[in-house]
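# Chain and residue survey
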There are 2 protein chains.
Amino acid sequence: MSTELLSNFLGGQWQAGRGAGSALFDPVLGHELVRVDATGLDLAAGFEFARTQGGAALRSMTYRERGAMLAAAVKVLQGQRDAYYEIATANSGTVKNDSAVDIDGGIYTLGVYAKMGETLGDRRFLMDGEPARLGKEPLFQSQHVQVPVRGLALFINAFNFPSWGLWEKAGPALLSGVPVIIKPATATAWLTQRMVHDVVQAGVLPPGALSVVCGSSAGLMDALRPFDVVSFTGSADTAQVIRSHSAVAARSVRVNIEADSVNSAWLLPGHAAGSEAFDLLVKEVAREMTQKSGQKCTAIRRVFVPESLYADAAQAIGARLAKTTVGNPRNESVRMGALVSRAQFHAVQEGLAHLKQHAQVLYDGSTQALVDADPAVACCVAPTLLGTRSAAGSDAASVVHETEVFGPVATLVPYRDAAHAAELVRRGEGSLVASLYGSDSQALAQAALELADSHGRVHVISADVAALHTGHGNVMPQSLHGGPGRAGGGEELGGMRALNFYHRRSAVQASTEVLSALG
Amino acid sequence: MSTELLSNFLGGQWQAGRGAGSALFDPVLGHELVRVDATGLDLAAGFEFARTQGGAALRSMTYRERGAMLAAAVKVLQGQRDAYYEIATANSGTVKNDSAVDIDGGIYTLGVYAKMGETLGDRRFLMDGEPARLGKEPLFQSQHVQVPVRGLALFINAFNFPSWGLWEKAGPALLSGVPVIIKPATATAWLTQRMVHDVVQAGVLPPGALSVVCGSSAGLMDALRPFDVVSFTGSADTAQVIRSHSAVAARSVRVNIEADSVNSAWLLPGHAAGSEAFDLLVKEVAREMTQKSGQKCTAIRRVFVPESLYADAAQAIGARLAKTTVGNPRNESVRMGALVSRAQFHAVQEGLAHLKQHAQVLYDGSTQALVDADPAVACCVAPTLLGTRSAAGSDAASVVHETEVFGPVATLVPYRDAAHAAELVRRGEGSLVASLYGSDSQALAQAALELADSHGRVHVISADVAALHTGHGNVMPQSLHGGPGRAGGGEELGGMRALNFYHRRSAVQASTEVLSALG
């Protein structure tokens, strides 16, 4: 018996693909769950429906009205949380706490943008700064405005956040008045499709405001027009294909990329083993390595400690990792579930083997048996801590600074002094986030500024915020998400800053009287 | 006797290319002026010198110090204005007023960024917004900062503004603390090279802060690293090559594109022939068509008038154009000089022939003889006004909305009503600027908002600012320069906004104490 073929929602209609479809699997139990397919969809017509029907309806609303619309979507989603947790367990293989990061994190982020609509109020465009005189006379001035782009927002998303990845983008887009088409990664498309289904069926959005296409991404980029925008989360290789596509390269479709990065945690010099700063680093590294089995773009991949603390740090992190039981997320004793797919399982094994050629194994969790899971079937990978042995080894191990293994894997990288550490961190060539651990506020602030140009976010953990800080890898809607270079160069979230991508800035040069009439 | 081979300045040294070079010509008299060549330059070493020496020196200075440095550069340039005007006459074939737009416009813009250094003061990075709480406790917050990118800024520039095009980009880059490498278009590289020469020789910039490479652009993009930025002004075809280059597509080099666009002037409905609004449109169109022989990315290419005013507008614009004497800029009776090169001369003839197949000729200046110039040698083109005959013709003439002839050529486009006009304007698929003419402030403000999403700038000319407004095509540093879609999607200038491109935004999440220590 074949599984259910999930429908796409495009052009204001639920439409099944005409092909056999691609199957989605349970990564722990191994069986097929549902299928997705986009064969035969009229993408051009569907995209045009979003632009004309969805765009016009959204732009006719004020920010306050669109905020209220998002608040209504939040209510719909909150009402179906149990169903989403079930899908996450089955399709992502995640334990409850890890599913929460995706599901509740997504709903929370959408809620933040719902509230922002209140703040922005009864307007249909935004003023950008104050009027500037264009001469000695104050009668002729320049006033910048931000108006919603008159196109659609296409999201091509990653498999690790089927909920959060949708809503952290759709919140700012819909609040800005821009219709959304979401193309989830096939492996975990089910949760995305279900959430869109629930919001669409609840009728809280105007027709054309939100569409979902599941399956192949073939033809999506071809259907873009000059005023559309595209936001991609995923590998650097696919990012290159998107940026080289004629929609972007020739038609100036605006693009935002969030790609892999080799994020860092850095214990500043001058802290002994067992100090508060040391312990905070150890705790955060172990948590980041294992949350969602390390399948977060923001997870810690490189751990920088003074050379003298290499052995102590290895021992302490290893001891924490040893407490991480791995296996079937349905068993309550399990702390870490599976990777999302066989493909990811093999990619992680391969990446780990590659890293091992250049680093020593400091902790290997694979000696522990899986709980309630068949190792021949389940895509479960135990945590592994590697290390570069010495400061000289840290310099030599280029692979460690360049390779992101998208699983519960990190490498301990000893350094000589602060300058050496900063130089090594920067060999990641641009990351989403670095976290700093220390006790001297001046030194922490200086290190944060030192890393700011190569990181979208610097997360500083000092003892006074040990119980308050929001986590190295946790993306808060108030802060920028994205990073330069290898991390893709994009900017998402950051509170109001997220709206920039969905607006077009324009300078209106006019008489004082005309500028006053802008409203 | 061969002409002088201009040197490149790279890696802190003046270096001649090893090839025979490309010749630059006088477009009016036809003779060779100088040659440029970049063969054999060690670009990788020169770029690294700029990054390490130039970047470090600039970043060690405060905004105030960098502003003072730019003010010193302004003084150097002002001291050599006569030499620059001579080069412009010889190499660009422009009359004095047109040379001023480039030379004095460039120096003025640089001066605006010099003064901004004062405003920004004794800091080395910028705060971006206020701290935002990341929970109920105010102890852990997110503060966004803007820090200078740790790379270089490569400018690949167009032939029409060898001075302004350099300084409108270099001002914001150097003020931000980012070293500059300028690659001017070969046809008019002389003025750029001379200005860089004068500023470098005056010793007002640290070594590596400003470099110039003249000649072929081969290899320049290959030499870029992930934290560099590239700003290109020129054709959509070359823009596509740049965006598809692996530096951009794979290494996330930040790119700003300012490409051709088919800019509009729009007389709103409800104004009779001979009204103030009508006359202001006629005057501005004739000025924009002929200034710099129409070789401005911002020049008016399409002129929208109510269908009933088609004949009157054609007659009035034609009458103004008839007063434009064309020829040798050294003759004081000449109002309009030459195009910059034979290549441009042929491109304009070709584009004009193409447009003529879809539009009627309303005014043809080529019946007047050139003044003091040999029509077989001089790259002089007389102004031509075309028209689409009727509102239906405006709909049918796709070529008119898509074709930019980079010379003194515009097309009169009659429309039925305001909605029709807005729709026709938008068929340019994104432009740098549109200008509006009318007497009703409400209607002007509404039309400005209607066009804001597809234009980087909307310039509104009403009777009260007839003597004050800064001109449709004149780019003021206070206002954004750039436009969506076909115009390339970039953002230059706009006062402080210009600094964004040369800074990297980062969110520092930390305790209140650490955030206070950021300084």
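Treat the numbers as computed from the prediction; the structure is a model and nothing was measured. (Residues numbered from 1 in each chain as written. Chains lettered and ligands numbered in written order. Predicted model: local features only at pLDDT ≥ 70, side-chain atom pairs only at ≥ 80, totals over all residues. Heavy atoms only, no water.)

Looking now at the overall build of chain A. When helices and strands are tallied, chain A shows 16 helices and 22 strands. Over its C-alpha trace chain A gives a radius of gyration of 24 Å, about what one expects of a compact globule, namely 24 Å for 519 residues. Judged by the C-alpha coordinates and their principal axes, chain A covers about 75 × 70 × 40 Å. Counted over contacts in chain A with a minimum sequence separation of 6, partners at least 24 positions apart contribute 78%. Distance between charge centres in chain A, computed from 43 positive and 48 negative side chains, equals 5 Å. (Helix = DSSP H or I, 4+ residues; strand = E, 2+ residues; numbered from the N terminus. Rg over C-alpha atoms; globule rule 2.2 N^0.38 Å. Contact = heavy atoms within 4.5 Å. Lys, Arg positive; Asp, Glu negative; His and termini not counted. Charge placed at Lys NZ, Arg CZ, Asp CG, Glu CD.)

By a simple turn and slide, chain A fits onto chain B: the slide is 0.0 Å along the axis, the RMSD is 0.0 Å, and the turn is 180 degrees. Here the symmetry operator amounts to a two-fold rotation axis. Taking C-alpha positions as reference, the residue of chain A nearest the rotation axis is A:Ser244, located at 2.3 Å. (Least-squares fit on C-alpha atoms with pLDDT ≥ 70 in both.)

Turning our attention to the domain arrangement of chain A. Residue and element names in this part refer to chain A. Each domain of chain A was delimited in the assignment, giving domain 1 (4-257 + 493-517) and domain 2 (263-484). Centre-to-centre separation of domain 1 and domain 2, based on C-alpha positions: 31 Å. Between domain 1 and domain 2, the residue contacts involve 28 residues of the former and 31 residues of the latter. Carbon and sulfur atoms make up 63% of the surface buried where domain 1 meets domain 2, a total of about 2,300 Å² over both sides. Residue Asp-26 pairs with Arg-330 through a salt bridge whose shortest N-O separation is 2.8 Å. If you look at where domain 1 meets domain 2, you find 10 residue pairs in polar contact (both at pLDDT 80 or more). Looking at the side of domain 1 that touches domain 2, the element that brings in the most residues is helix 4 (residues 96-120), giving 7 residues. (Domains from an automatic or database assignment. Buried area = accessible area lost by both parts, 1.4 Å probe. Salt bridge = Lys/Arg side-chain N within 4 Å of Asp/Glu carboxyl O. Polar contact = N/O pair within 3.5 Å; in protein donor to acceptor, adjacent residues only side chain to side chain.)

What follows covers the environment of B:Arg335. Looking at the element boundaries, B:Arg335 is found in the loop between helix 10 (310-321) and helix 11 (342-356). Once residues within four sequence positions are removed from consideration, B:Arg335 is found in contact with B:Val95, B:Lys323, B:Thr324 and B:Thr325.

This next bit is on unusual backbone geometry. Its identity as a non-glycine residue notwithstanding, A:Asp372 has a phi of 60 degrees, on the positive side. The topology assignment puts A:Asp372 in the loop between strand 15 (360-364) and strand 16 (384-387). With a phi close to 55 degrees, B:Leu493 is a non-glycine residue in the positive phi region. When you line up the elements, B:Leu493 lands in strand 21 (residues 492-493). Judged by its relative accessible area of 1%, B:Leu493 falls in the buried class. (Buried < 20%, exposed > 50% of the residue type's maximum accessible area, 1.4 Å probe, protein only.)

A few words on the packing of aromatic side chains. As enumerated under the stated definition, the model contains 12 aromatic pairs over all chains in all. Ring geometry for A:Phe161 and A:Trp164: centres 5.2 Å apart, planes at 65 degrees, overall edge-to-face. For the pair formed by A:Phe161 and A:Trp164, the shared burial category is buried. Judged by centre distance (5.9 Å) and plane angle (90 degrees), the ring pair of B:Phe159 and B:Phe406 falls under edge-to-face. Linking B:Phe159 in the loop between strand 8 (153-156) and helix 5 (164-176) with B:Phe406 in the loop between helix 13 (398-402) and strand 17 (409-415), this pair joins segments that are 247 residues apart in sequence. For B:Phe159, a relative accessible area of 17% gives the class buried. Cation over ring: A:Lys292 sits above A:Phe161, and NZ or CZ is 4.6 Å from the ring centre. The ring of A:Phe345 is capped by A:Arg342, whose NZ or CZ atom sits 4.6 Å from the centre of that ring. (Phe/Tyr/Trp six-rings, centres within 6.5 Å; stacked < 30°, edge-to-face > 60°. Lys NZ or Arg CZ within 6 Å of the ring centre and 35° of its normal.)

Overall, mixed pairing links the 10 strands, which are arranged 6(A)-7(A)-22(A)-19(B)-18(B)-13(B)-14(B)-17(B)-16(B)-15(B) in an open sheet. The open sheet has two edge strands with one neighbour each: strand 6 (126-133) of chain A together with strand 15 (360-364) of chain B. Neighbour to neighbour, the strand axes of the sheet diverge by 20 degrees on average, direction disregarded. Sheet topology places strand 7 (residues 140-148) of chain A next to strand 22 (residues 503-511) of chain A; 9 bridges connect them, and they run antiparallel. (Pairing = 2+ DSSP bridges. Axes fitted to C-alpha atoms, helices over the stretch in contact; angles between N-to-C directions.)

This next bit is on helix 4 (residues 96-120) of chain B. Residues and elements named next belong to chain B. For helix 4, built from 25 residues, the straight-helix expectation of 36 Å at 1.5 Å per residue is met to within 8% by its first-to-last C-alpha distance of 35 Å. The principal kink in helix 4, of about 25 degrees, is found at Gly-105. Where helix 4 terminates, the next one or two residues include Gly-121, which has phi positive at roughly 80 degrees. (Expected span 1.5 Å × (residues − 1). Bend = angle between axes of the 7 residues up to and from the residue.)

Contacts between chain A and chain B engage 78 residues on the former and 78 residues on the latter. Interface area for chain A against chain B, summed over the two sides, is near 6,700 Å², with a carbon-plus-sulfur share of 55%. Inspection of the region where chain A meets chain B yields 10 salt bridges. Notably, a salt bridge pairs B:Glu429 with A:Arg225, separated by 2.3 Å at the nearest N-O pair. On inspection of chain A and its partner chain B, the count reaches 42 residue pairs in polar contact (both at pLDDT 80 or more). For the side of chain A that touches chain B, the elements supplying multiple residues, two or more each, are strand 6, strand 7, helix 7 (236-244), helix 8 (246-249), helix 15 (441-452), strand 19 (455-461), strand 22 and helix 16 (512-516) of chain A.

Quick look at the nonpolar core now. Ranked by size, the top nonpolar core spans 63 residues in total, and within it A:Trp167 and A:Leu174 carry the most contacts. Here the element with the most residues in this core is helix 4 of chain A; it accounts for 9 residues. In contact with A:Trp167, not counting residues within four places along its chain, are A:Leu77, A:Gly106, A:Leu110, A:Pro172, A:Met195, A:Val199 and A:Leu210. Judged by nonpolar contacts, the second largest core, of 62 residues, contains B:Met69, B:Tyr113, B:Ala189 and B:Trp190. (Core = buried A, V, L, I, M, F, W, Y, C linked by side-chain atoms within 4.5 Å.)

As a further point, take helix 1 (residues 43-60) of chain A. Residue and element names in this part refer to chain A. In this model helix 1 runs 25 Å from its N-terminal to its C-terminal C-alpha over 18 residues, within 8% of the 26 Å that 1.5 Å per residue would give. The largest bend along helix 1 measures about 30 degrees and falls at Gly-54. Taken as a whole, helix 1 has its buried residues at Leu-43, Gly-46, Phe-47, Ala-50, Arg-51, Gly-54, Gly-55 and Leu-58. Where helix 1 is buried, its residues touch strand 2 (8-10), helix 2 (63-78), strand 8 (153-156), helix 5 (164-176) and strand 9 (180-183).

To continue, consider the pattern of salt bridges. Per the counting criterion, the structure on display carries 36 salt bridges over all chains. With a closest N to O distance of 3.1 Å, A:Lys296 and A:Glu288 form a salt bridge. Summarising the burial analysis for this pair, A:Lys296 and A:Glu288 share the class buried. A salt bridge links B:Arg64 to B:Glu118; its shortest N-O distance comes to 3.1 Å.

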